[in-house]
Amino acid sequence: MAAARHLTRRELVMLLREPAKGWLDTRVHDQVLLGAQRIYRAKVVSRRTFSRVFVVQVEIGAERVKLLFFRFGRGLTDLIREGMTIYVEGIAKAGDGGVEMAQPKVMEFEELPKPDFVPVYSSKVDRRELDGLVAGVLDGSLTLPVPEAFIESESLTPFVEVVRKLHRDGFVAPEREWLDHTAAAIEAWLLAESIVKASSIRREPLGATVDMAAAARDAESRLGFRLTGDQRSGLEQIGKMLSGVDYAGAMLIGDVGTGKSLVAAVAARAVLDAGHAVLVMEPNSILARQIADTFRRIGIEPQIVTGSDDGAPAAHCVIGTHALLHRAYGGEREIGLVVVDETQKFGVSQFQSLFRRHERARLLQMTATPLPRSMMRSRLGGMKVLRMRETPRPRTVQTHVVTEPGTLKRIVISAMRREGTKMFIVHPSIGSHVMESVNRTYRNMTLMRDRGLFPATSELVVLHGDMDEQEKERALRRFMEAPGSAALICTSIVEIGVDCEGANVVVVRDASRHGLSQLHQIRGRVGRHGETGHCFLYCAPDAKPEVYERLAFFAATNDGFEIADYDMQLRGYGDLIGLAQKGRIMRLDLTDALHFHLFHAAMAWMEEGGG
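Residues numbered from 1 in each chain as written. Predicted model: local features only at pLDDT ≥ 70, side-chain atom pairs only at ≥ 80, totals over all residues. Heavy atoms only, no water.

Novice: Outline the overall build of the protein, supporting the account with residue identities and numerical values.
Specialist: Helix and strand counts for the protein come out as 19 helices and 23 strands. For the protein, the spread of C-alpha atoms along the principal axes amounts to about 95 × 75 × 45 Å. Relative to its 611 residues, the protein shows a buried fraction of 51%. Looking at the protein alone, contacts between residues at least 24 apart form 72% of all its contacts between residues at least 6 apart. Charged side chains of the protein number 79 positive and 77 negative; the gap between the two group centres comes to 4 Å. (Helix = DSSP H or I, 4+ residues; strand = E, 2+ residues; numbered from the N terminus. Buried < 20%, exposed > 50% of the residue type's maximum accessible area, 1.4 Å probe, protein only. Contact = heavy atoms within 4.5 Å. Lys, Arg positive; Asp, Glu negative; His and termini not counted. Charge placed at Lys NZ, Arg CZ, Asp CG, Glu CD.)

Okay, structure coming up:
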């Protein structure tokens, strides 16, 4: 017998996340039970072939049943003859013409399963692999990568017993909770293990003193103003991270106007002064150029890398788009800091791959609305969270939910009548009718302008993702430089990277089709330069109550952290060990008090040397 090995997490997911969907009674039955998947002995009464369906009338006991085959060939039609007895497996349902079974499986007597009951799985499960895993667990050749003593210490059902009940013997309803708790304990251990591992790597100093205070003083001297308290506090914590005293990664959370980009620039200045290099990844070229301007203001001249550039970046400070994922850094300095801006726009594997290429680098993520997975990881100690609330100047945005098209029209006309108003009208970026909706809005606004409902000099500009980069830049320039009122009729492409002075109104069409973090980013386009901003969320009057509840919560707060927390409660926090950023993966639910206890029990066990 081969030596026992630990199950991988993928295999554990198969065993614990994909238990039997139900149990098939494999005994042969002569009495029809509606709604249950069973094997029946049936006597063929008649058969008839149509162009797209093969219909067989059978008797099962005293019941007349119609078998409907929508996928069939000569083999099936030749097999089934009047007067013969066949065995069929399927679910009997009441139809218009009596009892029916759609696409049942026809078996010969020798093919009938031998056990009385067998588990039924979803079609995507590899049954052969799963059967092998179950057999390996039961014979001891596959073992749990979690100490059984930990499971025992929490008085939970042993893992082998859980697998046996899920995949072999079946279980009664009261046992489900205990099986779920054991599965949750296993994932709690794996999660704790991953957090301990992540927090213990790359603790060595970078090899040179990182003087964050000196970099901050130099930046203030160049800029002519003092940093906010939140900016100075954030830089102090980042300095500890860079010195190897604290975490290898941090997340900087702050809304528009709190100065996240300046914090990243000062941190980069300190790392560059210490003799290391810096990589900064942005979701698009517009943002890459904007943050490059911030870096230049404090004396850093970065190299900008986009998809159209060739060769390996080699400057001491490189700012790029997704292109950085496909370009090896070619400079002579060791990378000391990797910055990922608007981290919600990247997959976990993307920024982690960039980070892991550089063995001693620290990771700084920046966002206004962290994704659910990042929110929960931060709560569990997976990274340092730095919150920024202070703004150099007050920023006010009022948010309103609108349900009547007539009200929305009056809002648009009123805004366009105010001289110098810059307004965004944002449509969802997904769906088959996006461009049709954008073009219809443009035509309607053109008609309103032609009728004199707002000034004839008003600029109407269209912007969407299908335009090339030059077209986008020209459209944005027309909008920003318009001397009078202007409306940018666009998709959610504007949610990041658009900073327009005078923009104080944003209208979001079909607001329920936007995520909360996306809505917060869109709202961040207005009120950026001291003026009061207004955000109008249009929602159909017949929308579901939960849609109104979600939008009402959003309208009541401007705090991106609160929005992210609420979003996590709605969508789930994803795979805290793997890559999924929302939903649930196995059975662990950290909003459940017992499961939260199991996680902390696993952390305590490891701290005491039990791992």
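On we go.
Novice: Describe the packing of aromatic side chains, naming the residues involved and giving the relevant values.
Specialist: In total, this model carries 8 aromatic pairs according to the counting rule given. Seen in terms of ring centroids, Phe 54 and Phe 69 are 5.8 Å apart; in terms of plane orientation they differ by 35°. Their pairing is tilted. In this pair, Phe 54 sits in strand 4 (residues 54–60) while Phe 69 sits in strand 5 (residues 63–69), placing the two residues 15 residues apart along the sequence. On the accessibility criterion, Phe 54 (0% relative accessible area) is buried. With centroids separated by 5.8 Å and ring planes inclined at 40°, the aromatic side chains of Phe 54 and Phe 72 adopt a geometry described as tilted. Taken together, the positions of Phe 54 in strand 4 and Phe 72 in the loop between strand 5 and helix 2 (74–79) put the pair 18 residues apart, joining distant regions of the chain. Here the guanidinium or amino end of Arg 523 rests over the ring plane of Phe 554, the centre of that ring lying 3.8 Å away. (Phe/Tyr/Trp six-rings, centres within 6.5 Å; stacked < 30°, edge-to-face > 60°. Lys NZ or Arg CZ within 6 Å of the ring centre and 35° of its normal.)

Novice: Tell me about the pattern of salt bridges, and please be specific about residues and values.
Specialist: This structure, assessed with the given rule, holds 21 salt bridges. A salt bridge links Glu 187 to Arg 9, with the shortest nitrogen-to-oxygen separation between them at 2.7 Å. You can see Glu 187 sitting in helix 6 (residues 173–200) and its partner Arg 9 sitting in helix 1 (residues 9–17), a full 178 residues away along the chain. Across this residue pair, the class does not change: Glu 187 and Arg 9 are buried. Across the pair Arg 513 and Asp 510 runs a salt bridge whose closest N-O atoms are separated by 3.7 Å. Under the relative-accessibility criterion, Arg 513 is labelled partly exposed at 40%. (Salt bridge = Lys/Arg side-chain N within 4 Å of Asp/Glu carboxyl O.)

Novice: Outline the pairing of strand 15 (residues 335–341), supporting the account with residue identities and numerical values.
Specialist: Here strand 15 lies mainly inside the structure; 7 of its 7 residues are buried. Where strand 12 (residues 277–281) lies against strand 15, 5 bridges are found, and the strand directions are parallel. Note that in strand 15 the partner of Met 281 across the bridge is Val 340. For strand 15 and strand 16 (residues 362–367), the ladder comprises 5 bridges, and the chain directions are parallel. Paired with Asp 341 across the bridge in strand 16 is Met 366. (Pairing = 2+ DSSP bridges.)

Novice: Residues and numbers for the sheet that holds strand 15, please.
Specialist: Here 7 strands make up an open sheet; going across it, the order is 13-14-12-15-16-11-17 and the pairing parallel. Strands with a single pairing partner mark the edges of an open sheet, and in this sheet they are strand 13 (303–305) and strand 17 (384–388). Here the strands of the sheet are splayed against their neighbours by 20° on average, with no regard to which way each runs. Packing of helix 10 (residues 285–297) onto the sheet brings it into contact with strand 12, strand 13, strand 14 (317–320), strand 15 and strand 16, and relative to strand 14 it is tilted by some 155°. (Axes fitted to C-alpha atoms, helices over the stretch in contact; angles between N-to-C directions.)

Novice: Can you explain helix 1? Please cite residues and give values.
Specialist: Burial of helix 1 is extensive: 7 of the 9 residues sit out of reach of the surface. Among all positions in helix 1, only Arg 9, Glu 11, Leu 12, Val 13, Met 14, Leu 15 and Leu 16 are buried.

Novice: Hey, could you go over unusual backbone geometry for me, with residue numbers and the actual values?
Specialist: Of note in the backbone geometry, Gln 103 takes a positive phi value of approximately 50° without being a glycine. Note on placement: Gln 103 falls in the loop between strand 7 (98–102) and strand 8 (105–107).

Novice: Can you explain the packing of helix 1 against helix 5 (residues 159–169)? Please cite residues and give values.
Specialist: Viewed as axis vectors pointing N to C, helix 1 and helix 5 meet at an angle of 55°, and their least axial separation amounts to 9 Å. The pairing of helix 1 with helix 5 is recorded here as oblique in orientation. In contact with Leu 12, Met 14, Leu 15 and Leu 16 of helix 1, helix 5 contributes Phe 159, Val 162, Val 163, Leu 166 and His 167. For the contact of helix 1 with helix 5, a count of residues per class yields 8 nonpolar, 1 polar and no charged. (Parallel < 35°, antiparallel > 145°, perpendicular 65-115°, else oblique. Nonpolar A, V, L, I, M, F, W, Y, C, P; charged D, E, K, R; others polar.)

Novice: Tell me about the packing of helix 1 against helix 3 (residues 127–139), residues and numbers included.
Specialist: Relative orientation of the contacting elements helix 1 and helix 3 amounts to 95°, with a least axis distance of 10 Å. Comparing the axis directions of helix 1 and helix 3 gives the class roughly perpendicular. Judged by residue contacts, Arg 10, Glu 11, Met 14 and Leu 15 of helix 1 engage Glu 129, Leu 130, Leu 133, Val 134 and Val 137 from helix 3. Residues that form the contact of helix 1 with helix 3 fall into these classes: 6 nonpolar, no polar and 3 charged.

Novice: Outline the sheet that holds strand 20 (residues 459–463), supporting the account with residue identities and numerical values.
Specialist: Backbone hydrogen bonds are what pair the strands of a sheet, in a parallel or an antiparallel way. On the basis of which strands lie adjacent, the open sheet formed by 6 strands has the order 18-23-22-19-21-20 and parallel pairing. With partners counted over all chains shown, the strands left at the sheet margins are strand 18 (397–402) and strand 20, one partner each. For this sheet the average axis-to-axis angle between neighbouring strands, irrespective of direction, equals 15°. The sheet contact formed by strand 18 and strand 23 (residues 533–538) spans 6 bridges and is parallel. What sits directly across from Thr 399, in strand 23, is Cys 535. Here helix 17 (residues 545–556) sits on the sheet and contacts strand 18 and strand 23; the angle it forms with strand 18, its principal contact strand, is near 160°.

Novice: Can you lay out the side chain of Thr 557 for me, pointing to particular residues and giving the numbers?
Specialist: Mapping Thr 557 onto the fold places it in the loop between helix 17 and helix 18 (560–571). Classification of Thr 557 as buried rests on a relative accessible area of 10%. Residues within four places of Thr 557 in sequence aside, it is in contact with Arg 523, Glu 562 and Ile 563.

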